[in-house]
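Structural description and commentary
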Amino acid sequence: MSVPVLVVTGFLGAGKTTFINRLLQGDHGLRIAAIVNDFGSINIDVDLLDATAEGVIGLKNGCICCSLQGDLMRTLKLVLSRAPKPELIVIEASGVADPAGIVQSLMDPVIWTQARLETVIGIVDAPDAARRKSDPLWQAQVRGSDILFLSKTVEATSDDLSTLRATLTVQGKRHTFDMDEPVPLAALFVAEPQWRTVSAVRPHDDSRFIHLEWEHEGALDLHSFQRVISQLADTLLRGKGFLSFAGGEGRMLFQLVGTRAALSPAPADRPEGCKLVLIGERGRLDPEAARHLLDGLRGPGEQA
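By convention here, each chain's residues receive numbers from 1 onward along its written sequence. The model is predicted, so local features are restricted to residues of pLDDT at least 70 and side-chain atom pairs to those at 80 or more, both for listing and for counting; the totals for chains, interfaces and linings are taken over all residues. Processing note: side-chain calculations cover all non-hydrogen atoms of the structure and skip hydrogens and water entirely.

1. Observations concerning the nonpolar core
In a soluble, globular protein the nonpolar side chains are often hidden away together inside. Filter applied, for reference: The term nonpolar core refers to a set of buried residues drawn from Ala, Val, Leu, Ile, Met, Phe, Trp, Tyr and Cys, joined through side-chain atoms within 4.5 Å. Burial status follows relative accessibility: with a 1.4 Å probe on protein chains alone, a residue under 20% of its type maximum counts as buried, one over 50% as exposed, and anything between as partly exposed. Working definition: helices are DSSP H or I runs of at least four residues, strands are E runs of at least two. Numbering for both runs from the N terminus.
By size, the foremost hydrophobic cluster in this structure holds 22 residues, and its most contacted members are Leu220, Phe225, Leu243, Leu276 and Leu294. Elements represented by at least two residues in this core include exactly β9 (209-216), α9 (222-232), β10 (238-245), β11 (250-257), β13 (274-281) and α10 (287-295). Per-element tally for this core: the top contributor is α9, with 5 residues. The next biggest cluster of nonpolar side chains, apart from the first, holds 21 residues, and it includes Leu80, Ile102, Leu106 and Trp112.

2. Section: helix α8 (residues 158-170)
Turn by turn, an α-helix covers 3.6 residues, leaving residues three or four places apart pointing in a common direction. The test is simple: Take the residue count of a helix, subtract one, and multiply by 1.5 Å to get its expected span. Regarding the arc, it is the one traced by the directions from the helix axis to the C-beta atoms.
Look at α8: 18 Å from first C-alpha to last across 13 residues, which is about the 18 Å you get at 1.5 Å a residue. Buried within α8 we find Leu161, Leu164 and Leu168. The arc enclosing the buried residues of α8, seen along the axis, measures out at 65°, which places them on a common side. Those residues of α8 that are exposed and angled more than 90 degrees off the buried face are Ser158, Asp159 and Val170.

3. Some thoughts on the environment of Asp125
Cut-off, in case you're wondering: Residue contacts follow a heavy-atom distance rule, with two residues in contact if any of their heavy atoms lie within 4.5 Å. Identification of polar contacts relies on pairs of N or O atoms within 3.5 Å, with a donor-acceptor requirement for protein atoms, meaning one able to donate a hydrogen and the other able to accept it, and with residues adjacent in sequence counted only if both atoms are side-chain atoms.
Structurally, Asp125 can be placed in strand β6 (residues 115-125). With a relative accessible area of 6%, Asp125 lands in the buried category. Placed 109 residues apart in sequence, Asp125 and Lys16 show a C-alpha to C-alpha distance of 9.8 Å. When near neighbours in sequence (up to four residues on either side) are disregarded, Asp125 contacts Gly13, Ala14, Ser151, Lys152, Val257 and Arg260. Looking at Asp125, its side chain comes within polar contact range of the side chain of Lys152, at 3.0 Å.

4. Quick notes on the environment of Glu92
Here Glu92 lies in strand β5 (residues 88-92). Of the residues examined, Glu92 reaches a relative accessible area of 2% and is grouped as buried. Spatially, the C-alpha atoms of Glu92 and Thr17 are 7.5 Å apart, while their sequence positions differ by 75 residues.

5. Brief notes about the packing of aromatic side chains
We describe a pair of aromatic rings using the distance from one ring centre to the other and the angle between the two ring planes. Quick note on the threshold: Stacked, tilted and edge-to-face are the three classes assigned to paired rings of Phe, Tyr and Trp, where Trp is represented by its six-membered ring and a pair needs centres within 6.5 Å; plane angles under 30 degrees give stacked, over 60 edge-to-face, the rest tilted.
Taken as a whole and judged by the stated rule, the model has 5 aromatic pairs. Centre to centre, the rings of Phe225 and Phe254 are 5.2 Å apart; their planes meet at 90°, and the pair counts as edge-to-face. Residue Phe225 is found in helix α9, and its partner Phe254 is found in strand β11; the two are separated by 29 residues along the sequence. For Phe225, a relative accessible area of 2% corresponds to the buried category. Judged by its relative accessible area of 3%, Phe254 is buried. Members of the aromatic cluster, joined through ring pairs, are Phe19, Phe149 and Phe177.

6. A few points about the pattern of salt bridges
Rules: By definition, a salt bridge exists where a carboxyl oxygen of Asp or Glu is found within 4 Å of a side-chain nitrogen of Lys or Arg.
Enumeration according to the criterion identifies 10 salt bridges in this entry. Here Arg208 and Asp135 are joined by a salt bridge, their closest N and O atoms 2.8 Å apart. Here Arg208 is found in the loop between β8 (176-178) and β9, whereas its partner Asp135 is found in the loop between α6 (129-132) and α7 (136-143), with 73 residues between them in sequence. By relative accessible area, which is 25% here, Arg208 ends up partly exposed. Here the salt bridges share partners, and the residues they tie into one network are Asp125, Lys152, Glu155 and Arg260.

7. Description of the sheet that holds β11
Selection rule: Strands pair, by our definition, only if DSSP identifies at least two bridges between them. The angle between two axes is taken between their N-to-C directions and runs from 0 to 180 degrees, where each axis is a line fitted to C-alpha atoms and a helix contributes only its stretch in contact.
If you walk across this open sheet you meet the 5 strands as β9-β13-β10-β11-β12, and the pairing is antiparallel. Looking along the sheet, the strands with just one partner apiece sit at the ends: β9 and β12 (260-265). If you compare each strand with its neighbour and ignore which way they point, the axes differ by 20° on average. Pairing geometry for β9 and β13, over 8 bridges, is antiparallel. Paired with Ile210 across the two strands is Gly280, which belongs to β13.

8. Points about the pairing of β5
Among the 5 residues in β5, 5 count as buried, and that is most of the element. As defined by bridge partners, strand β1 (residues 3-9) adjoins β5 across 4 bridges and the pair is classed as parallel. Bridging from a neighbouring strand, Leu6 pairs with Val90 of β5. The pairing of strand β2 (residues 32-36) with β5 spans 5 bridges and is parallel. By the bridge assignment for β5, Ile32 is matched with Leu88.

That is the geometry; function is a separate question.
In structure tokens, the structure reads:
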């Protein structure tokens, strides 16, 4: 029997991984496979779903997770070959991806017989929506979603939320929920799965974005790191990573979305050292200049 597939889309930092984590940890008893399609070779989102190595991994709750580093059909075949077979597959699209590309792949007749697309779920960063609503990629992600979840609603005013909901309703998005409120799993399946007509319009690609991946085996000085990020902030859309800090701060998870940045404790089983991904738009973010600033955080004698 064909396994249902949920595709989770949303702009950089909208909260897709948080949504999937809540789904994986839900009290539903389903065997769920999560496929993460991140931007670049350092896949922080896989580590956020479960602190393990790359590849296909067993999660503590019986789910499985893998990183989509290549062809979707090959990845699905790998996931479906495991025993017992998953009862639901969740695909997290990259924040720079148009979900139409994944939808087109899932409409392949060979894939459909094994894994059928059920619902495209869009995560909308509520306080960031006013700034993003004219962005063609953001519009494509919203347009391609069957259900929308508004994230970080506590950071938005009631007037802004009302305006956003009205805007989405005008666009025909009537299935809109607050991500902070519990939603039954059944609500994610809004209709019988249907074969979707593949648009002739080419999906947006990620060529407008550029990223930097940076690793360091040692610990950083917290204040020096904050100073570097402040210098780079105007050129960044997204930043995420695991960082080790000297002086008792320990291992931390770093998250930057637009102008908002935060540090929180990392999972206890994460190894020491730093893995960081920074994403911006071409022409604004200079990866080599950013790398030079980050390399300046290394201690004397430490090699890049």
